[in-house]
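Inside the fold
The residues making up each chain are set out below.
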Amino acid sequence: MTARRPVGVLPHSLKSRRGTPIPVAVIGGGQAGLSVSYCLRERGIEHVVIERNQVGQEWRERRWDSFCLVTPNWQCRLPGFPYQGDDPDGFMVREQIVQYLEDYVAFFQPPLVEGVSVDGLRRTPSGVFELTTPDGEFTADQVVVATGPYHTASVPRMAERLAAGVEQVHSSRYRNADQLPEGAVLVVGTGQSGCQIAEDLHLAGRQVHLAVGSAPRVARFYRGRDCVAWLDDMGHYAKDIGEFDDAGAVRMRVNHYVTGRDGGRDIDLRAFARDGMRLYGRLTGIEGTRLDFADDLKINLDRADAVAEGIKDSIDAYIAAQGINAPDEARYVPVWEPSEHAASLDLQDAGITSVVWSTGFTRDHRWIEIPAFDGRGYPMHWRGVTSTPGLYFLGLPWQYSWGSGRFEAVGRDAEFLANHIEASRRMADVCGALTGAPSALTSALPIG
């Protein structure tokens, strides 16, 4: 995709801030970083948004050609800039998502610096944050880390044992069927990316082999509406993480698979199998051209269906309780069942020439030299506020609610952090006035 600079937006320079503390440094210029920038600007708090590449980079470079949102456009609710198009019930494709973010930048013109990476972050004994960049070192009174959770493509070590000559690509580098060599394709993983890529290849006429994991699914539509609309009315997306007994596990759950492609539809792996796709259980081993699979295909399919039907049960209960007049709808009936366990597969015999690893991402916060993480490397925080004064996180999955890392609710989290940052600044100013001590936070001035 060609990079475009929105009309009216002037480039900012970080070098001009050398020697002068930045009141608030926002690291990351995606939807999270832009959202908190808008909220800080509304409060007259001076800040700088530092983006490693360019706005929308994740959507530009790490999504396939047919990618689209799985949530309806009306759920795009960035602060001050909700979706304003003519298809609220549709699903924006990749180019439209990038345009939405670019339009947001043009709308409020944040103090954005693009093309600069923050390679190190530490806190001095005096409480000031030091940011290391290719343009030099800078200081900040407060820092919002808005780099999201999807940093490094995760590929299992067993991939190293795959026979030479088999093309391997992670889902973040997949674009379309034509980039892969001719022949059948194995897709490993059935989260949202894996299922949608498998469908993309299937629709392109490729023979697809799919290693099925434990991800749940959800129906696209039920009883006359998108399931997302029902769940939104039911308050599901506003439920906070504190309402769960297993909050840690909730944060690590895989998203339900569904698609917004062609107006939205279910992703039914059983239907794919009925139409010729080959399904297997979880991939457990590789040795050259031989692959081994767990005997859990039926269990995984049944559990995914059970989750989808359970969501329908909750919608039925809501409709009944509210006395809503909604059309009845027959429940799902499986269209295919695995007849036997496919314990192994030989790539050469199956004509498989490429593998797409849809195995997710890992977080990489090694550049942050501050003890703000638990034993798993997850940031320790409450609604993005860490125990290190002045350090915040934004845009993490389930940071506070289901929509925390999404267009749906990242703005609510940004509003909360902006309020906390403003309160911290006021407290520092009051303490400085009472004690006569200078406060670094008092240097913040409204942006013109």
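An account of the accompanying structure is given in this report.

**Comments concerning the packing of helix α1 (residues 31–42) against helix α3 (residues 94–108)**
Relative orientation of the contacting elements α1 and α3 amounts to 15 degrees, with a least axis distance of 11 Å. Compared by their axis directions, α1 and α3 come out roughly parallel. Helix-helix and strand crossings are classified by hand; for α1 and α3 the assignment is left-handed. Across the interface between the two elements, Q31, L34, S35, S37, Y38 and R41 from α1 touch L101, Y104, V105, F107 and F108 from α3.

**Re the state of the cysteines**
Applying the stated rule across the entire model yields 0 disulfides. Of all cysteine sulfurs, the one in C68 lies closest to C227, which takes part in no disulfide; the gap is 16 Å.

**A few points about the sheet that holds strand β17 (residues 290–293)**
Sheet strands pair by backbone hydrogen bonding; their relative direction is either parallel or antiparallel. With antiparallel pairing, 3 strands are arranged side by side in an open sheet as β16-β17-β18. Because the sheet does not close on itself, it has two edges, and the strands there are β16 (283–287) and β18 (344–346). Adjacent strand axes in the sheet meet at a mean angle of 20 degrees, parallel and antiparallel pairs treated alike. Bridge analysis of β17 against β18 gives 3 bridges, and the strand direction is antiparallel. Its bridge partner lying in β18, R290 is registered against D346.

**Considering the side chain of T259**
Considering the arrangement of structural elements, one finds T259 in the loop between α6 (247–251) and α7 (269–274). Reaching out from T259, the side chain makes a polar contact with the backbone nitrogen of R261 at a distance of 3.0 Å. What T259 contacts, discounting residues up to four positions off in sequence, is V70, Q196, E199, R220, G264, R265, D266 and I267.

**Brief notes about the side chain of R223**
With respect to the helices, strands and loops of the structure, R223 is situated in the loop between β13 (221–222) and β14 (225–226). At 3.0 Å, the side chain of R223 forms a polar contact with the backbone oxygen of P327. With residues up to four places along the chain from it excluded, the contact list for R223 reads W230, D316, I319, A326, P327, D328 and E329.

**With respect to the pattern of salt bridges**
Scanning the entire structure with this criterion turns up 34 salt bridges. Between R331 and D316 there is a salt bridge, and its shortest N-O distance comes to 2.9 Å. Here R331 is found in the loop between α8 (297–322) and β18, whereas its partner D316 is found in helix α8, with 15 residues between them in sequence. Several salt bridges share partner residues, and in doing so they unite R223, E309, K312, D313, D316, D328 and R331 into one network.

**Comments concerning the sheet that holds strand β11 (residues 184–188)**
Read from one edge to the other, the open sheet built from 5 strands follows the order β10-β19-β11-β12-β15, with strand pairing classed as parallel. Two strands close off the open sheet at either side, each with one partner strand: β10 (167–170) and β15 (278–280). Shown here is a sheet whose adjacent strand axes are inclined to one another by a mean of 20 degrees, direction ignored. When strand β12 (residues 208–211) meets β15, the two strands line up parallel, connected through 3 bridges.

What counts and what doesn't
- Residues numbered from 1 in each chain as written.
- Predicted model: local features only at pLDDT ≥ 70, side-chain atom pairs only at ≥ 80, totals over all residues.
- Heavy atoms only, no water.
- Axes fitted to C-alpha atoms, helices over the stretch in contact; angles between N-to-C directions.
- Helix = DSSP H or I, 4+ residues; strand = E, 2+ residues; numbered from the N terminus.
- Parallel < 35°, antiparallel > 145°, perpendicular 65-115°, else oblique.
- Left-handed = near helix turned anticlockwise from the far one by under 90°.
- Contact = heavy atoms within 4.5 Å.
- Disulfide = S-S within 2.5 Å.
- Pairing = 2+ DSSP bridges.
- Polar contact = N/O pair within 3.5 Å; in protein donor to acceptor, adjacent residues only side chain to side chain.
- Salt bridge = Lys/Arg side-chain N within 4 Å of Asp/Glu carboxyl O.

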